[in-house]
Amino acid sequence: MATLTPRPAATLILLRQGAGGPEVLMLQRTQSAAFLGGAYVFPGGSLDVQDAELGARVHGLSDAQASARLGIAAGGLAYYVAAIRECFEEAGILLLCDGDGVPIDSARAAALMHKRKGSFGALLAEEDLYVPAGALAYYGHWITAPGRSRRFDARFFVALAPEGQEGSHDAAETVHDVWLRPQEALERGERGEIELVFATRHTLKDLGRFAEREAAFEYARSLPEIETNRACRALGKDGEKFFRRADAAYFEIHWSDPEETGQTTYDLAPGVPKRLDRYVTRIIAPNPGAMTGPGTNSYLVGAPGETGGLALIDPGPDIASHVEAILAEAKGRIRWVLCTHTHLDHSPAAAAIKAATGAQLLGRPAPTGQDESFKPDFAPGNGQRVDLGGATLRAIHTPGHASNHLCYLLEETKMLFTGDHVMQGSTVVINPPDGDMRAYLASLELLLAEDVSILAPGHGYLIGAPHKEVRRLIAHRLAREQKVISALKKLGAATLDDMLPLAYDDVPQRMHRWAARSLTAHLEKLVAEGAVAADGGRFALVQSGV
C-alpha cells in the first residue's frame, strides 16, 4: 500500500492565566471524526488554498521571514493564516488586528462570531483586519506516522489568548471545549478521563513547566531551532512498533526506510545483516556488555551493486561466528579492512578476515596494551581518501578515546563511521595514558567543521542530527569537568576516590570503576591547563586559576 503524503496543517496552542497557573484551550474531536476521533486536541486543521492567498492580510511578517522560520522555501505565511483561521472556526476565538497591529477587543470579536462559518478571507477584507503573525510563536513540527488513514504535516504555534474571549467548540468537528492547566490535562489523561495523543502530551509536559503564561510564550518564541518529529514504524521481535524522535532507533529507521514502508527492523540482532542504505550493511558482533552495548558494529561499505569490492570497517572481536557472518554476507568481495582503532572489541578479527580474503588492512598501529595482532598494511593520514570504486572513504584523525583513532566519512552519503569517538546510548570512556580528554574534546570540535548527514557508531543505532549530538557531547564533558571542579572546591585537596562519588553522583555505582578512568582524564586535562595541581595522588585547585 502506498504511503500517504502528509497534508500541510497548522495548530494553535492558546494560553491564558488561571488561578493555578497557565491554562490551555482543548477541544474534543467528535467520535465520528476520521482522524483522532474522541481525542482532546488544540485547535487546528489543514491549510486551505485560500490561506496561501491572504499574504497581504498578514501583519508583522513577510512570507520570506515566515518561510525561513518554518524552514521551507516559500508559503510560510499560509501556516500562520491557517492557525488563526482554524482557531476561529473550531474554537470561536478570533486573534486579529488592525492595519497598525492593534488587536481587536473582545466586543468586536463577539460581533464577528456570526461569520465563523463563512469565508475567512472575506471577513478580513470586509472588516479591514489582519492576521497578527507576530503574536504567534512557532513552537513545534509534528508529522503523523505512516499507516494512518490520514496524515498531517502540522506546524504548532503558541499564542496568548485574547482577553475576554472564552471560546466554544463548533458542535461539528469538535463537541466539547475546556480550559485546563497542562498538568491537570495530563493527569486526566493518565486516569483515562480524556484521550491525549503523543504530540499533545509532549506539548503539555513542556509548557506545563511555567508558572506564567508570558514565560511559556517567550520560551516558545525564543527557541532557536524547531526539530521535526516525524513518527516512523518498523518491525522486530515484538511486532510492529512506532518510534518518535526521542527514541534511539528513530534516525536509523528513517535512514534505512526513507520511503516509510515500515518494513525495516528495529532489532539490533548479532549476526543478522541489516542493509542501512545502498552503500552500507551492518553486522553486529555477539559481544554485548556494559562497554559495548548490544555488540560491536561491523560495516560493509561499497558502491551500489552486487559485483564491486567492499570495505569492512571495524571487523570487531575475533569470534568465529562473527567472522563467518561477515564473510557470508560479503560473498568474497572484501578488498579492504579499515579499523577505527585497536581496542579489543574493534580490530582483532582483522587478521582472520585478511587470511580469508587477502584484503588490505588499513588503520594506525596499536599503542602498547592494545591489539598487538593488528598489523596494518597502510596507515591513512588525516584527510586521506580510499577509493572503493564508486564510493570514497575519507579518514579523519580523531584522537582522544584512543591516540590512533580514525573516523571514516563516506563522501557519497556523508555517513560518518565514528568507531568509539561517538557511540549511541552513552558516552565513551577516556582511559589514560592513551586516552586524552583534551585531545578528545578537540577531535569533537573538529567534526563540527565537517558536512555530515548521519553518524554510524561502533555500538548501537545510527545517530541523527550529527552536529547537535557532537555539541551535546562537548557540553556534557565540560559540565562533568565543572562537577570535578565543584568537588575539589568542596573537598579541598582530595584523591580520585574522594572525588568520584561527587563528580559522578548521577552515574550508577556499578559503573564507577569505568568512570574513574574518565575522571583521571579530566584531572590530567585540568592539571595540563594549570587549573589543578597534583601532589602525591592528591589534587587541589590552583588558587590563581579556577
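Whatever comes next refers back to the structure up there.
Residues numbered from 1 in each chain as written. Predicted model: local features only at pLDDT ≥ 70, side-chain atom pairs only at ≥ 80, totals over all residues. Heavy atoms only, no water.

A. Structural context of the sheet that holds strand β13 (residues 274-275). Pairing is mixed across the open sheet formed by 6 strands, whose spatial order is β13-β14-β15-β16-β17-β18. A single partner strand is all that each edge strand has here, and the edge strands are β13 and β18 (360-362). In this sheet, strand β16 (residues 310-313) lies alongside strand β15 (residues 297-301) in antiparallel orientation, the contact comprising 3 bridges. In the sheet register, L300 faces β16, and the bridge partner there is L312. Contacts between helix α9 (residues 320-330) and the sheet are confined to β14 (280-284), β15, β16 and β17 (334-338), with β14 contributing the most and set at about 160° to the helix. Strands β16, β17 and β18 of the sheet are contacted by helix α10 (residues 350-357), whose axis makes an angle of about 165° with β17. (Pairing = 2+ DSSP bridges. Helix = DSSP H or I, 4+ residues; strand = E, 2+ residues; numbered from the N terminus. Contact = heavy atoms within 4.5 Å. Axes fitted to C-alpha atoms, helices over the stretch in contact; angles between N-to-C directions.)

B. Highlighting the pairing of strand β24 (residues 532-535). Alignment of β24 against strand β25 (residues 538-541), held across 4 bridges, turns out to be antiparallel. Residue pairing for β25: A533 is matched across the bridge by A540.

C. Quick peek at the sheet that holds strand β23 (residues 454-457). Read across the open sheet, the 5 strands follow the order β19-β20-β21-β22-β23; overall the sheet is mixed. In this open sheet, the two strands that pair with only one neighbour each are β19 (385-387) and β23. Direction aside, the axes of adjacent strands within the sheet are offset by 25° on average. Note: strand β22 (residues 415-419) against β23, 4 bridges, orientation parallel. Residue pairing in the sheet places G419 in a bridge with P457 of β23.

D. Spotlight on the pairing of β22. Of all the 5 residues making up β22, 5 are buried; the element is thus mostly covered by neighbouring parts of the structure. Neither face of β22 is exposed, since M415, F417 and G419 on one face and L416 and T418 on the opposite face are all buried. Sheet topology note: the strand β21 (residues 406-410)/β22 ladder contains 3 bridges and is antiparallel. Counted as the bridge partner of Y408 is F417 from β22. Taking the sense of rotation as the criterion, the β-α-β connection linking β22, helix α11 (residues 437-447) and β23 turns out right-handed. (Buried < 20%, exposed > 50% of the residue type's maximum accessible area, 1.4 Å probe, protein only. Right-handed = clockwise from strand over helix to strand, strands pointing away.)

E. Region of interest: the packing of aromatic side chains. According to the stated counting rule, one finds 9 aromatic pairs in the structure shown. The interplanar angle of 50° and the centroid separation of 5.4 Å between the aromatic rings of F243 and Y266 together place this pair among those described as tilted. Linking F243 in strand β12 (residues 241-243) with Y266 in the loop between α8 (250-256) and β13, this pair joins segments that are 23 residues apart in sequence. On the accessibility criterion, Y266 (5% relative accessible area) is buried. Considering the side-chain rings of Y299 and F417, the 5.0 Å spacing of their centres and the 65° angle between planes classify their relative orientation as edge-to-face. In this pair, Y299 is assigned in strand β15 and F417 in strand β22, connecting sequence segments 118 residues apart. Accessibility assignment for this pair places Y299 and F417 in one class, buried. One cation-aromatic arrangement involves R57 over Y130; the distance from NZ or CZ to the ring centre is 4.7 Å. (Phe/Tyr/Trp six-rings, centres within 6.5 Å; stacked < 30°, edge-to-face > 60°. Lys NZ or Arg CZ within 6 Å of the ring centre and 35° of its normal.)

F. Structural context of the nonpolar core. Judged by nonpolar contacts, the single largest core of 67 residues is most densely connected at L12, L14, M26, L96, F120 and F157. In terms of residue count, helix α2 (residues 77-91) provides more of this core than any other element does, 10 residues in total. Those residues in contact with L14 that lie beyond four places of it in its chain are E23, V24, L25, C87, I93, L95, A159, A161 and W179. Counting 23 residues, the second largest nonpolar core, distinct from the first, contains V301, L406, F417 and I454. (Core = buried A, V, L, I, M, F, W, Y, C linked by side-chain atoms within 4.5 Å.)

G. Broad picture of the state of the cysteines. Summed over the entire model, instances satisfying the criterion amount to 0 disulfides. C87 carries a free sulfur, and the closest cysteine sulfur to it, the one in C97, is 15 Å from it. The class for C97 is buried, based on a relative accessible area of 1%. (Disulfide = S-S within 2.5 Å.)

H. Broad picture of the environment of L523. Residue placement: L523 occurs in helix α14 (residues 512-528). Measuring from C-alpha to C-alpha, the distance between L523 and A220 comes to 39 Å, with 303 residues separating the pair along the chain. When residues no more than four places from it in sequence are discounted, the contact partners of L523 are V484, L488, L496, M499 and F539.

I. Just the pattern of salt bridges, in detail. Scanning the model with the defined rule gives 35 salt bridges in all. The shortest N-O distance in the salt bridge between R282 and E252 comes to 2.7 Å. Of this pair, R282 sits in strand β14 while E252 sits in helix α8, and the two are 30 residues apart along the sequence. Owing to a relative accessible area of 2%, R282 belongs among the buried residues under this scheme. With relative accessibility at 1%, the residue E252 sits in the buried group. (Salt bridge = Lys/Arg side-chain N within 4 Å of Asp/Glu carboxyl O.)

J. Fine view of unusual backbone geometry. The linkage connecting P432 with the following residue, P433, adopts the cis geometry, with an omega of 10°. Structurally, P433 is set in the loop between β22 and α11. Within the chain, E260 stands out as a residue other than glycine whose phi angle is a positive 60°. For E260, a relative accessible area of 9% corresponds to the buried category. One non-glycine residue, A465, adopts positive backbone phi at about 45°. Tracing the sequence through the fold places A465 in the loop between β23 and α12 (466-491).

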